[in-house]
Amino acid sequence: MNRLDTNLPRSDVIDRDFLEHRAKLIDIAAFLDRCERADGTDDFRLRALRTAIPLLIDGQPERARRILESFSDPTSEPIPEAPGKGASGAWEGSS
Amino acid sequence: MRYIDPHAHMVSRTTDDYEKMALAGCRALTEPAFWAGYDRCSAEGFRDYFNQLTSIEPARARTYGIHHFTWLCINPKEAEDVGFAREVMQVIPEFLAKGNVLGIGEIGLNKNSKNELRVLEEHLEIAAQHQSLVLVHTPHLEDKQKGTRLIMEAVRNQPSIDPGRVLIDHVEEHTVKEVLDGGFWGGMTLYPDTKCTAKRAADILETCGTERLWMNSACDWGVSNPLSVPTAALELRARGHHPEAIDHVIFKNPMAFLKQAPAFAKRAEAIDVGHPPE
Ligand SMILES: [Zn+2]
């Protein structure tokens, strides 16, 4: 009773969520177009995004976990000093 | 529907939010001490804050029939100055016996620095000395996975703290399994842009199971939604999940963890049957 097994058939999942995620994909496409129309070069965040996108279509499972990992700091030691308080969403040393 | 929001920064919310949460079925909430959006300039500023968390907020919550509990600490965003953090940590024991205090939280790491880690370890010592429950904040975004691992190691280095009495919050797809495999509890924070959406939280519950997991809004002064827990419950209902299984996640799970704190255990029955706070 306490388990939450996946109940919905795939067609229902698609019915419920397709339009929302179609829109998100177009947002990503428009964001990349917008960046490329703007003067300047990619920074580490945009490079991280470009690295993550192919994971969507590599046919392997656990895409969300693997994309989160691709944005993550892979080191394991504490850093000497906090450079500030914020996080940017991608590891600057990753590219 | 009844639910517990185990992570809500109500000092940053309006009274209207208390009303909306009560209308949605919120029976109890727990409020960890956190960063105010600016660094406080003295330990006395924290004393004022701890007073607010232990007397003012419970009274506001009571107006809407919601049981209010809290956790005390200096948060990791203000932990880079170890000397200052120690001044604040000296104030904490004065408040631990207040009627709504559950333990130490939300401690943890922010940028995974050496000083943050030292302050985390000293907080864990306070928790060990007072046999308190612990609520842990894990870092944001790119720092989360590394920070979560450092935090779990720090807790393991404190053998008198049972991982079953430690809730590691803000888990996502890349940290949830390690947290649960380590015997800890995991919290999923429902945020629109960062952390987890309601749909992803539902996915995690479907794939990782419902044991030792809870959901919270972590509503604060930033982009957040105080109704995100009932919103996620609605997502689970729309996926066809049984109401009892949903109740297990949004009510019974937080009850089971929080009841380990004597301050919560005393009121657990009232919360279970829906009596307002006295
Ligand atoms: Zn918080």
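Everything below is about the structure shown above.
Note that the coordinates shown come from a computational prediction; the quantities given were computed from them, not determined experimentally.

Draft legend 1. Broad picture of the overall build of chain A. Helix and strand content of chain A: 3 helices and 0 strands. When the helices and strands of chain A are placed in sequence order, the string is α-α-α. Here chain A has a C-alpha radius of gyration of 18 Å; the compact-globule value for 95 residues is 12 Å, and the former is much larger. With the principal axes as the frame, chain A shows a C-alpha extent of 50 × 40 × 25 Å. Residues counted as buried form 17% of the 95 residues belonging to chain A. Expressed as a percentage of contacts within chain A between residues at least 6 apart in sequence, the contacts between residues at least 24 apart total 25%. Put simply, chain A has 14 plus and 18 minus side-chain charges, and the middle of one group is 3 Å from the middle of the other.

Draft legend 2. View of the pattern of salt bridges. What the rule picks out here adds up to 30 salt bridges over all chains. Between A:Arg65 and A:Glu62 there is a salt bridge, with its nearest N and O atoms 2.7 Å apart. A:Arg65 gets classed as partly exposed once you look at its relative accessible area, which sits at 26%. A salt bridge links B:Arg239 to B:Asp203, with the nearest nitrogen and oxygen atoms 2.8 Å apart. With B:Arg239 in the loop between α8 (228-238) and α9 (243-258) and B:Asp203 in helix α7 (residues 198-208), this residue pair connects regions lying 36 residues apart in the sequence. Each of A:Arg16, B:Asp203, B:Glu206, B:Glu235 and B:Arg239 takes part in a single network of salt bridges with overlapping partners.

Draft legend 3. Spotlight on the nonpolar core. All names here are of chain B. Judged by nonpolar contacts, the single largest core of 75 residues is most densely connected at Phe 50 and Met 215. With 8 residues, the single largest contributor to this core is helix α3 (residues 82-95). Excluding residues within four positions of it along the chain, Phe 50 makes contact with Ala 33, Leu 72, Cys 73, Val 88, Val 91, Ile 92 and Phe 95. Core analysis: the second largest hydrophobic core is formed by 19 residues, Leu 167, Trp 185, Phe 251 and Met 255 among them.

Draft legend 4. Fine view of the coordination of the zinc ion. Residues and elements named next belong to chain B. Taken together, the protein ligands of the zinc ion are His 7 (NE2), His 9 (NE2) and Glu 106 (OE), with distances of 1.9 to 2.1 Å. Each donor residue of the zinc ion belongs to the same chain, with the gaps between them written as H-x1-H-x96-E. By relative accessible area, which is 2% here, His 9 ends up buried.

Draft legend 5. The pairing of strand β2 (residues 26-32) of chain B, seen in detail. Residues and elements named next belong to chain B. By the criterion of burial, β2 is predominantly enclosed, with 6 of the 7 residues buried. Where strand β1 (residues 3-5) and β2 come together, 3 bridges link them in parallel fashion. Counterpart to Tyr 3 in the pairing with β2 is Cys 26. Once you follow β1 into helix α1 (residues 15-24) and on to β2, the crossover reads as right-handed. Where β2 and strand β3 (residues 67-72) come together, 5 bridges link them in parallel fashion. By the bridge assignment, Ala 28 is partnered in β3 with His 67. For the crossover that starts at β2, traverses helix α2 (residues 43-63) and ends in the parallel β3, the hand is right-handed.

Draft legend 6. How the structure looks around the interface of chain A and chain B. In this assembly, 36 residues from chain A lie in contact with 40 residues from chain B. When the two sides are added together, the surface that chain A and chain B hide from each other amounts to roughly 3,100 Å², 55% of it contributed by carbon and sulfur. Between the two partners, chain A and chain B, sit 6 salt bridges. The shortest N-O distance in the salt bridge between B:Asp39 and A:Lys85 comes to 3.0 Å. At the boundary of chain A and chain B, one finds 17 residue pairs in polar contact (both at pLDDT 80 or more). Within the residue set of the side of chain A that touches chain B, elements represented by two or more residues are α1 (10-37) and α3 (63-70) of chain A.

Parameters at a glance
Residues numbered from 1 in each chain as written. Chains lettered and ligands numbered in written order. Predicted model: local features only at pLDDT ≥ 70, side-chain atom pairs only at ≥ 80, totals over all residues. Heavy atoms only, no water. Helix = DSSP H or I, 4+ residues; strand = E, 2+ residues; numbered from the N terminus. Rg over C-alpha atoms; globule rule 2.2 N^0.38 Å. Buried < 20%, exposed > 50% of the residue type's maximum accessible area, 1.4 Å probe, protein only. Contact = heavy atoms within 4.5 Å. Lys, Arg positive; Asp, Glu negative; His and termini not counted. Charge placed at Lys NZ, Arg CZ, Asp CG, Glu CD. Salt bridge = Lys/Arg side-chain N within 4 Å of Asp/Glu carboxyl O. Core = buried A, V, L, I, M, F, W, Y, C linked by side-chain atoms within 4.5 Å. Donors = N, O, S within 2.8 Å, 3.2 Å for Na, K, Ca; no water. Pairing = 2+ DSSP bridges. Right-handed = clockwise from strand over helix to strand, strands pointing away. Buried area = accessible area lost by both parts, 1.4 Å probe. Polar contact = N/O pair within 3.5 Å; in protein donor to acceptor, adjacent residues only side chain to side chain.

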